[in-house]
Amino acid sequence: MAIILDGKLIRDQILEELQPRVAALTATGRPPQLAVVLIGNNAGSEVYVRNKIAACAKIGILSRKLSPLPTISTEELLAIIQDLNADPSVDGILVQLPLPPQIDAGRVLDAVHPDKDVDGFHPLNSGKLLAGAPGLRPCTPSGVMQILHRYQIPIAGRKAVVVGRSDIVGKPMAILLLAANATVTICHSRTSNLAEECRRADILVAAIGRAEMLGEDHIQPGAVVIDVGMNRVDGRLTGDVDPEAMARLSSAYTPVPGGVGPLTIAMLMSNTVQAAESNKA
Ligand code: NDP
């Protein structure tokens, strides 16, 4: 029987561990604060932002939501980011993606001060990740590492295959697994013989964005399968891996929902506390 890796359980542990750190910061009169910039009325983004603000409230992090008009220009948005960068009460800045088409998203994300970059997307933080230096890490892949560590899944010396090479999930995921001494392969849409590559994996991470694309042909019996995918199909949330094949063949797996998803917000909270501790040191 495969072990179900329970993301909600790990999320709750992490949030509980953060509470005394938040309380210690609050006791100094400078509670941690997250500023969230949400533009437009993308239903998915609104839900994500609501959940992020609720998580802040749960553990005592202050939050500030800014909702500029959807017609805002890149320059105007950059001015808002600069104000938040300069505001000492703000420890973390999160710009909810996607941004409206007239906005140069790259310029906006690069404008967030690296010390307040709680999404871990700034090139300076990507560089620190690559160099193995301390810094703010992207939330979803660091959440996956928390699941692996807290379920004591051995990583060193094992073969990890990451399917997906986005800047926010696949690439940082591969670097974190490498830093934990896995032998890492990164696959993408141009990989030939994807199934063969995936079947080599002791740890298989799917971050593709295609509903149930990986199935029994892709899973080595006994592998640990981490399904990062979040796809809406007929109103239902589904991952990138066929759940039946994953449950039957793997030794442990993350379900969708309830696996990796809850960790993303927990790691955002963790990054905000980390940023507050260093910003206020
Ligand atoms: P992107 O669309 O940015 O990247 C998808 C990656 O999958 C690309 O590297 C792409 O390859 C690769 N890919 C696409 N099709 C194939 C294929 N047929 N075979 C092999 N590789 C393929 O997505 P994200 O990284 O942002 O997100 C991936 C998934 O994770 C999505 O379902 C997203 O919703 C989910 N997600 C979940 C989060 C959570 O909290 N659980 C947080 C963030 C994302 P190429 O580079 O060649 O195009």
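Residues numbered from 1 in each chain as written. Predicted model: local features only at pLDDT ≥ 70, side-chain atom pairs only at ≥ 80, totals over all residues. Heavy atoms only, no water.

1. Focus on the sheet that holds strand S6 (residues 183-187)
- In space, the 6 strands of this open sheet follow the order S1-S11-S8-S7-S5-S6, with parallel pairing throughout. Bordering the open sheet on either side are strand S1 (3-4) and S6, each of which pairs with just one other strand.
- By the bridge criterion, 2 bridges tie strand S8 (residues 224-227) to strand S11 (residues 252-253) in an arrangement that is parallel. Paired with Val224 across the bridge in S11 is Ala252.
- Running at roughly 170° to strand S5 (residues 159-163), helix H7 (residues 170-179) makes contact with S5, S6 and strand S7 (203-206) of the sheet. (Pairing = 2+ DSSP bridges. Helix = DSSP H or I, 4+ residues; strand = E, 2+ residues; numbered from the N terminus. Contact = heavy atoms within 4.5 Å. Axes fitted to C-alpha atoms, helices over the stretch in contact; angles between N-to-C directions.)

2. Things to note about the site of the ligand
- Taken together, 22 residues lie around the ligand, and Arg165, Ser166, Ser189, Met230 and Thr264 are the ones closest in.
- Here Arg165 contributes a side-chain N or O atom positioned 2.7 Å from an oxygen atom of the ligand.
- Within the contact set of the ligand, an oxygen atom lies 2.5 Å away from a side-chain nitrogen or oxygen of Ser166.
- Protein contact buries 72% of the 930 Å² of open area that the ligand shows by itself. (Near = heavy atom within 4 Å. Polar contact = N/O pair within 3.5 Å; in protein donor to acceptor, adjacent residues only side chain to side chain. Areas by Shrake-Rupley, 256 points an atom, 1.4 Å probe, with all protein chains shown as cover.)

3. Details of H7
- Of all the residues in H7, the buried ones are Gly170, Pro172, Met173, Ala174, Leu176 and Leu177.
- Tucked inside the fold, the buried residues of H7 contact helix H5 (123-131), helix H6 (139-150), S5, S6 and S7.
- Asn181 sits one or two positions beyond H7 and adopts a positive phi of about 70°. (Buried < 20%, exposed > 50% of the residue type's maximum accessible area, 1.4 Å probe, protein only.)

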